[in-house]
Amino acid sequence: MIIHHPLLGPRDAQEFTFLGAATLIERPDWQAEDAQEQFHDYLHLRDNPAGEHRELWFHETGDRSWLVVTRNTLTHEITNVEMARDVARQKGRSK
Amino acid sequence: MHDLIAITPMGATDARIDTIKGMKIAERPDFALASVAARAGRETDTVDAAKTGLGLDLPPAGRFVTHAPYAAFWTGPEQWLIEAPHDSHENLADLVKAALGDAASVTEQTDGWVRFDLEGAECHAVLELLCNADTRRMKAGDATRTQLEHMACFVACRTQDMRFSVTGARSSAASLHHALVTAAQSAL
């Protein structure tokens, strides 16, 4: 499987490690009133779609960037790759 | 005062040099290293300070630049590795920090790494056995981090087709050396 790194071009999947769904970026506010419930959902509830899925991949033996990879779980086709920090910043995060 | 003897990453007092059918694989302990990471929102300041203080145009992804006595590799977004001769720049991290001020964080890296230089007409044959980097398309000044025999290494093209450097973790120096020598013996 080849992942098209936004900065480095096509890279073999052996250079990456997989973390999980890209929703892990959206860590809840620990000071919220219902923080416990939010963290329960954040940690334990996962979508398991047969089709398009957004995932976090780490370019471990490359430039050590975190990427958000949009992959079809049925065909393994990768349709989009973004830098995870760009995705986080679009959501108003500072880093 | 302690009387300590400096040893190379391969554990000897002299750099290890192997020659296999015209291909030279040389350990290079004669370089000091320091990492640079631009602080949040300070990338432009870091690039400007490196230009003013070190004469270096910090390179974009996949490249390294040389401005004697310094060289700089791109290692990640807004991160670089600076290289200079060890004899004259043993305190490289201090020199780089003085040049960059509070625009970037600088860390001493000299003894964290081992560098081997591959020299000869058959570099591609050896490297393509070991890693994914498309060395045949690399020009002088191209550098990339990739996986080489399960070890993450920087592969840099110093002279197109003829001279490459492989920089990996010092703690894996002997494994990396073994991988390079074995690949050279197989390929050549």
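First things first, this report covers the structure right here in the doc. Treat the numbers as computed from the prediction; the structure is a model and nothing was measured.

1. Structural notes on the overall build of chain B
Check the secondary structure of chain B and you find four helices and eleven strands. The C-alpha atoms of chain B give a radius of gyration of 17 Å, which matches the 16 Å a tight globule of 188 residues would have. Overall size of chain B, expressed as C-alpha extent along the three principal axes, is 50 × 50 × 25 Å. Within chain B, buried positions represent 49% of all 188 residues. Once local pairs closer than 6 in sequence are excluded, the contacts in chain B between residues at least 24 apart make up 58%. Of the roughly 9,000 Å² of accessible surface on chain B, a fraction of 49% belongs to carbon and sulfur atoms. Positive and negative side-chain charges in chain B, numbering 17 and 25 respectively, have mean positions lying 4 Å apart.

2. A look at the interface of chain A and chain B
Facing the 14 residues of chain A at the interface are 13 residues of chain B. When chain A packs against chain B, the two sides together hide about 1,000 Å² of surface, and 42% of this comes from carbon and sulfur. Looking only at chain A, the three residues that lose the most surface to chain B are Q14, T61 and R85 of chain A, adding up to 39% of its buried area. The salt bridge partner of R85 of chain A is E78 of chain B, with a shortest N-O separation of 3.0 Å. Here chain A and chain B share nine residue pairs in polar contact (both at pLDDT 80 or more) between them. Of the residues contributing to the side of chain A that touches chain B, the split by class is three nonpolar, four polar and seven charged.

3. Quick notes on the packing of helix α1 (residues 43–54) of chain B against helix α2 (residues 92–100) of chain B
All names here are of chain B. Running from amino to carboxyl end, α1 crosses α2 at an angle of 115 degrees, the nearest separation of the two axes being 8 Å. As α1 packs across α2, the resulting crossing turns out to be right-handed. Residue-level inspection shows T46, A49, A50, G53 and L54 of α1 in contact with α2, the latter providing V96, A99 and L100. Looking at the contact of α1 with α2 residue by residue, the class counts come to six nonpolar, two polar and no charged.

4. Points about α2 of chain B
For an α-helix the count is 3.6 residues per turn, leaving residues at separations of three or four pointing the same way. Residue and element names in this part refer to chain B. Inspection of α2 places L92, A93, V96 and L100 among the buried residues, and these make up the whole buried set. Seen along its axis, α2 keeps its buried residues to an arc of 95 degrees; they face one direction. Counted as exposed and oriented over 90 degrees from the buried face of α2: D94 and A98. Each element contacted by the buried residues of α2 is listed here: β3 (31–38), α1, β5 (70–76), β6 (79–85) and β7 (104–108).

5. So, the side chain of R11 of chain A
Note that R11 of chain A resides in strand β2 (residues 9–12). Discounting chain neighbours no more than four positions away, the residues touching R11 of chain A are M1, I2, I3, H5, F16 and H59 of chain A together with T144, R145 and T146 of chain B.

6. Looking at unusual backbone geometry
Residues and elements named next belong to chain B. With an omega dihedral of 5 degrees, the bond running from A68 to P69 counts as a cis peptide bond. Within the element layout of this structure, P69 appears in the loop between β4 (64–67) and β5. Although it is not a glycine, E149 adopts a positive phi angle of roughly 50 degrees. The residue E149 is located in the loop between β9 (143–148) and β10 (151–159) in this model. On the basis of relative accessibility, which here comes to 44%, the residue E149 falls in the partly exposed class. Of note, H150 is a non-glycine position whose phi angle comes to about 70 degrees, a positive value. Structurally, the position occupied by H150 is in the loop between β9 and β10. Residue class for H150 comes out exposed when judged on its relative accessible area of 72%.

Calculation criteria
- Residues numbered from 1 in each chain as written.
- Chains lettered and ligands numbered in written order.
- Predicted model: local features only at pLDDT ≥ 70, side-chain atom pairs only at ≥ 80, totals over all residues.
- Heavy atoms only, no water.
- Helix = DSSP H or I, 4+ residues; strand = E, 2+ residues; numbered from the N terminus.
- Rg over C-alpha atoms; globule rule 2.2 N^0.38 Å.
- Buried < 20%, exposed > 50% of the residue type's maximum accessible area, 1.4 Å probe, protein only.
- Contact = heavy atoms within 4.5 Å.
- Areas by Shrake-Rupley, 256 points an atom, 1.4 Å probe, with all protein chains shown as cover.
- Lys, Arg positive; Asp, Glu negative; His and termini not counted.
- Charge placed at Lys NZ, Arg CZ, Asp CG, Glu CD.
- Buried area = accessible area lost by both parts, 1.4 Å probe.
- Salt bridge = Lys/Arg side-chain N within 4 Å of Asp/Glu carboxyl O.
- Polar contact = N/O pair within 3.5 Å; in protein donor to acceptor, adjacent residues only side chain to side chain.
- Nonpolar A, V, L, I, M, F, W, Y, C, P; charged D, E, K, R; others polar.
- Axes fitted to C-alpha atoms, helices over the stretch in contact; angles between N-to-C directions.
- Left-handed = near helix turned anticlockwise from the far one by under 90°.
- Arc of directions from axis to C-beta.

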